[in-house]
Amino acid sequence: MRKLVILGGGTAGTMMLNKLSRVLNEDQWQITVIDDSETHFYQPGFLFIPFGMYGQKDVVKPRREFFPMRANVVISGIDRIDADHKRVILDDKSVVDYDYLIIATGAKIRPDQTEGLLDDEWGKSKFDFYTLEGAQRLHQFFESWHGGRLVLNMTEMPIKCPVAPLEFLFLADSYFTARGIRDKVELRLATPLSGAFTKPKATEILGGLLEHKNIKVTPDFGIARVDNERKMIVSYDDVEVPYDVLVSIPTNMGDECIARSGLGDELNYVPTDKETLVSEAHDDIFVIGDAGNLPSSKAGSVAHFQSEILFKNFLDRIEGRPMHSSFDGHANCFIESGFGKALLIDFNYDVEPLPGKFPFPGIGPFSLLHETRMNHYGKLAFRWMYWNVLIRGAELPIDSKMSMAGKVAA
Amino acid sequence: METLEILGKHLAVDKDGNLVNRADWNEEIARAIAAQEGIGELTDRHWAVIRAMQKAFDRDGDAPSIRRLTNESGVDVKTLYQLFPKGPAKKAAKIAGLPKPKGCI
Ligand SMILES: Cc1cc2nc3c(=O)[nH]c(=O)nc-3n(C[C@H](O)[C@H](O)[C@H](O)COP(=O)(O)OP(=O)(O)OC[C@H]3O[C@@H](n4cnc5c(N)ncnc54)[C@H](O)[C@@H]3O)c2cc1C
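Residues numbered from 1 in each chain as written. Chains lettered and ligands numbered in written order. Predicted model: local features only at pLDDT ≥ 70, side-chain atom pairs only at ≥ 80, totals over all residues. Heavy atoms only, no water.

A word on the overall build of chain A
Link 1 in the chain: What chain A contains, in helices and strands, is eight helices and 24 strands.
Link 2 in the chain: Per-residue burial over chain A gives 60% buried out of 410 residues.
Link 3 in the chain: Sequence separation of at least 24 residues holds for 67% of the intrachain contacts in chain A that already meet a minimum separation of 6.
Link 4 in the chain: Approximately 15800 Å² of chain A is accessible, and the part contributed by carbon and sulfur atoms is 50%.
Link 5 in the chain: Measuring between centres, the 45 positive side-chain charges of chain A sit 5 Å from its 57 negative side-chain charges. (Helix = DSSP H or I, 4+ residues; strand = E, 2+ residues; numbered from the N terminus. Buried < 20%, exposed > 50% of the residue type's maximum accessible area, 1.4 Å probe, protein only. Contact = heavy atoms within 4.5 Å. Areas by Shrake-Rupley, 256 points an atom, 1.4 Å probe, with all protein chains shown as cover. Lys, Arg positive; Asp, Glu negative; His and termini not counted. Charge placed at Lys NZ, Arg CZ, Asp CG, Glu CD.)

Focus: helix α1 (residues 27-36) of chain B
Residues and elements named next belong to chain B.
Link 1 in the chain: Every buried residue belonging to α1 is among Ile 29, Ala 30, Ala 32, Ile 33 and Ala 34, and all of these are buried.
Link 2 in the chain: Looking at the buried residues of α1, the elements they touch are β1 (2-6), β2 (9-13), α2 (44-60) and α5 (88-95).
Link 3 in the chain: Measuring from the side-chain oxygen of the N-cap residue of α1 to the backbone nitrogen of Glu 28 gives 3.0 Å; that N-cap residue is Asn 26.
Link 4 in the chain: Two residues or fewer after α1 comes Gly 38, characterised by a positive phi angle close to 80°. (Polar contact = N/O pair within 3.5 Å; in protein donor to acceptor, adjacent residues only side chain to side chain.)

Here's the deal with the confidence of the model for chain B
All names here are of chain B.
Link 1 in the chain: In this model, chain B carries an average pLDDT of 90, and 97% of its residues clear a pLDDT of 70 or more.
Link 2 in the chain: Model confidence for chain B, summarised as mean pLDDT per element, is weakest for β1 at 86 and strongest for α1 at 95.
Link 3 in the chain: For this predicted complex, the interface confidence reaches an ipTM of 0.81, while the overall pTM sits at 0.94. (pLDDT = per-residue confidence, 0-100.)

With respect to unusual backbone geometry
All names here are of chain A.
Link 1 in the chain: Along the chain, Met 157 connects to Pro 158 via a cis peptide bond; the corresponding omega equals 0°.
Link 2 in the chain: Turning to its location among the elements, Pro 158 is positioned in the loop between β12 (148-154) and α4 (164-178).
Link 3 in the chain: Its identity is not glycine, yet Lys 93 carries a phi of approximately 75°, on the positive side.
Link 4 in the chain: Mapping Lys 93 onto the fold places it in the loop between β7 (87-90) and β8 (95-97).
Link 5 in the chain: Despite not being glycine, Lys 231 has its phi angle at roughly 50°, a positive value.

Looking at the site of the ligand
Residue and element names in this part refer to chain A.
Link 1 in the chain: Neighbouring residues of the ligand: 29 residues in total, closest Thr 11, Ala 12, Asp 35, Ile 78 and Asp 290.
Link 2 in the chain: For the ligand, an oxygen atom lies 2.7 Å from a polar atom in the side chain of Thr 11.
Link 3 in the chain: In this structure, Ser 301 approaches the ligand through a main-chain N or O atom, which is 2.9 Å from an oxygen atom.
Link 4 in the chain: Computed on the free molecule, the ligand has an accessible area of 1000 Å², of which 94% lies beneath the protein chains in the complex.
Link 5 in the chain: At the level of elements, α1 (11-23), α7 (300-318) and α8 (373-390) are the ones that each hand at least two residues to the shell around the ligand.
Link 6 in the chain: Among the residues forming the shell around the ligand, the class breakdown is 10 nonpolar, 11 polar and eight charged.
Link 7 in the chain: A domain split of the shell around the ligand shows at least three residues from each of domain 1 (2-109 + 253-318) and domain 2 (111-251). (Near = heavy atom within 4 Å. Nonpolar A, V, L, I, M, F, W, Y, C, P; charged D, E, K, R; others polar. Domains from an automatic or database assignment.)

Thoughts on the domain arrangement of chain A
Many structure descriptions define interface size as the accessible area lost when the parts assemble.
Residue and element names in this part refer to chain A.
Link 1 in the chain: Under the domain assignment, chain A is made up of domain 1 (2-109 + 253-318), domain 2 (111-251) and domain 3 (331-390).
Link 2 in the chain: Relative to domain 3, the C-alpha centre of domain 2 lies at a distance of 24 Å.
Link 3 in the chain: Every contact between the two is made by 16 residues of domain 2 and, on the other side, 18 residues of domain 3.
Link 4 in the chain: Regarding the contact of domain 2 and domain 3, the summed buried area is about 1400 Å², with carbon and sulfur atoms giving 72% of it.
Link 5 in the chain: For domain 2, the biggest contributors to the area lost against domain 3 are Glu 167, Lys 199 and Lys 201; these three give 31% of the whole.
Link 6 in the chain: Our enumeration of links across domain 2 and domain 3 arrives at two salt bridges.
Link 7 in the chain: Between Lys 213 and Glu 371 there is a salt bridge, with its nearest N and O atoms 3.9 Å apart. (Buried area = accessible area lost by both parts, 1.4 Å probe. Salt bridge = Lys/Arg side-chain N within 4 Å of Asp/Glu carboxyl O.)

Some points on the pattern of salt bridges
Link 1 in the chain: Throughout the structure, instances matching the rule amount to 37 salt bridges over all chains.
Link 2 in the chain: Among the salt bridges present, the one from Arg 188 of chain A reaches Glu 186 of chain A, with a minimum N-O distance of 3.7 Å.
Link 3 in the chain: Overlapping salt bridges bring together Asp 265 and Glu 266 of chain A together with Arg 59, Asp 60, Arg 68 and Glu 72 of chain B as one network.

Quick look at the sheet that holds β7 of chain A
Residues and elements named next belong to chain A.
Link 1 in the chain: Here we have three strands laid out as an open sheet, ordered β6-β7-β8, and antiparallel in their pairing. Single-partner strands in this sheet number two, and they are β6 (78-82) and β8. Adjacent strand axes in the sheet meet at a mean angle of 20° when their direction is disregarded.
Link 2 in the chain: As judged from the three bridges shared by β7 and β8, these two strands associate in the antiparallel manner. Within the sheet, the bridge partner assigned to Val 88 lies in β8 and is Val 96. (Pairing = 2+ DSSP bridges. Axes fitted to C-alpha atoms, helices over the stretch in contact; angles between N-to-C directions.)

Brief notes about the pairing of β1 of chain B
Residues and elements named next belong to chain B.
Link 1 in the chain: By the bridge criterion, five bridges tie β1 to β2 in an arrangement that is antiparallel. Looking at β2, one finds that Leu 4 is bridged to Leu 11.
Link 2 in the chain: Counting the residues between successive antiparallel strands, the hairpin from β1 to β2 contains two residues, one of them, Leu 7, with a positive phi of roughly 50°.

Remarks on the interface of chain B and chain A
Link 1 in the chain: Across the boundary between the two partners, chain B contributes 16 residues, which contact 24 residues of chain A.
Link 2 in the chain: The junction of chain B with chain A conceals about 1800 Å² of combined surface from both sides, 52% of it contributed by carbon and sulfur atoms.
Link 3 in the chain: On the surface where chain B and chain A come into contact, there are five salt bridges.
Link 4 in the chain: Secondary-structure elements contributing two or more residues to the side of chain B that touches chain A are α3 (66-73) and α4 (77-83) of chain B.
Link 5 in the chain: Residues of the side of chain B that touches chain A, tallied by class, amount to five nonpolar, three polar and eight charged.

Section: the sheet that holds strand β5 (residues 72-75) of chain A
All names here are of chain A.
Link 1 in the chain: Taken in spatial order, the five strands of this open sheet run β5-β2-β1-β9-β20, and their pairing is parallel. Edge positions in the sheet fall to β5 and β20 (285-287), since each has one partner strand and no second. Shown here is a sheet whose adjacent strand axes are inclined to one another by a mean of 20°, direction ignored.
Link 2 in the chain: Strands β1 (2-7), β2 (29-35), β9 (100-103) and β20 of the sheet are contacted by α7, whose axis makes an angle of about 170° with β20.

Rendered as structure tokens:
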């Protein structure tokens, strides 16, 4: 029996498991997936929870519902990978051997990385919405809040879904307007970037939207610490931003099991070939999703495009052929902009998000970098697609390679 | 292709305003870019960071993020911000003649 082990049964791990289960002969291949919990989270849905648009039932399902029958499911923490001996050590020290390994352990928030962030006030006046509990606590807080200064701070890049902080602010604008207290709420983005986003054209358009919605921006803000006494965040160059409520996107890092394995960079991301998706250190290890160090966005859509490349390269690899597929960094993200509208961006390693139309067979074109209702329905439909198509490893009618069709070049 | 006038020369720059050709770079150019970026005299500590940045780029094909830069240069984050205010990684990369770090995607 040849052994494939997949670490992490989240978005990317579940996709790969489903895709490969269909083609790897059951008599020849044993496929194991390891994850430490029974619950699969639809993380993109966390964004809507603080505003009461989604509840817990919309974002959690049992993981096993999405695993194929033949999969050998191990629910356990992963202690570390022993790559030299091709084995994985679990928390209880038991050992799982592999011929090939796919690392899909994702990224998580680490509020402990910022001085003063994680103390008694965490969950009271300082929140995150990158976890279910964080988003739920924030929802409770908002329900009885009468206004004040709300500061959203991104600690450092890269983060999962780099547009989520902007979406949060756009939705907050919409939510407090509906509650009739928008004039009592000051909204501010304190960001380490020089503007709203990482790429020029999108930064210009999204920056315009922030201004239009009266959301203030403190750019180039590298947070050094939270001054809890004075309720301020303080940057390394001593800029102080006061808050009544702080919504933090803490440092995102790969799992500690990557560090324990000696396979990570300074943020525990696995150095990975950005085209083949093979680990740079070990050619029998593939990496997919947020766990890798690729200069692509950390997003479910990106993991999906990667999964098609990884699938082909994996089959080439086990058949002893040269790997012929290469990932181009394709990302495709809806950006919720409040009041029932959204934008869409589509880009890759080389082409920044551009305006224009995005063809989508069956539903019709979406508008790129432009607010429409249609895009908002696209964003909401993404949840259905996620549970029913994406993680089941089925095809989406979007090519894994970015296309210029419909885009208006700058 | 955009260009930037430095010391009487028109040098090709990318959309972030960083030099396209490493061959165009030298210490004199670095001092001129630093002046344009509002950073005064380049001290030994500035140069240590710039060199560390170039070394990391030559090895990794990407300019390091702030976190990696502290490891590479041995200079702590607070000091990096004093040397290169408002985004040390971005600023130091520009002065070092390198593209903006890709890390911030
Ligand atoms: C608020 C928010 C909004 C988002 N919005 C969008 C969006 O609109 N569109 C989009 O495309 N993407 C969005 N994303 C990003 C998307 O959710 C992630 O990029 C995607 O889930 C990554 O998949 P993954 O498989 O790499 O990681 P995950 O889905 O996080 O899976 C990692 C798995 O590994 C397991 N694991 C990790 N370490 C261990 C260990 N030591 N032992 C055992 N198990 C372990 C975890 O339990 C987890 O199940 C959003 C994310 C957030 C937080």
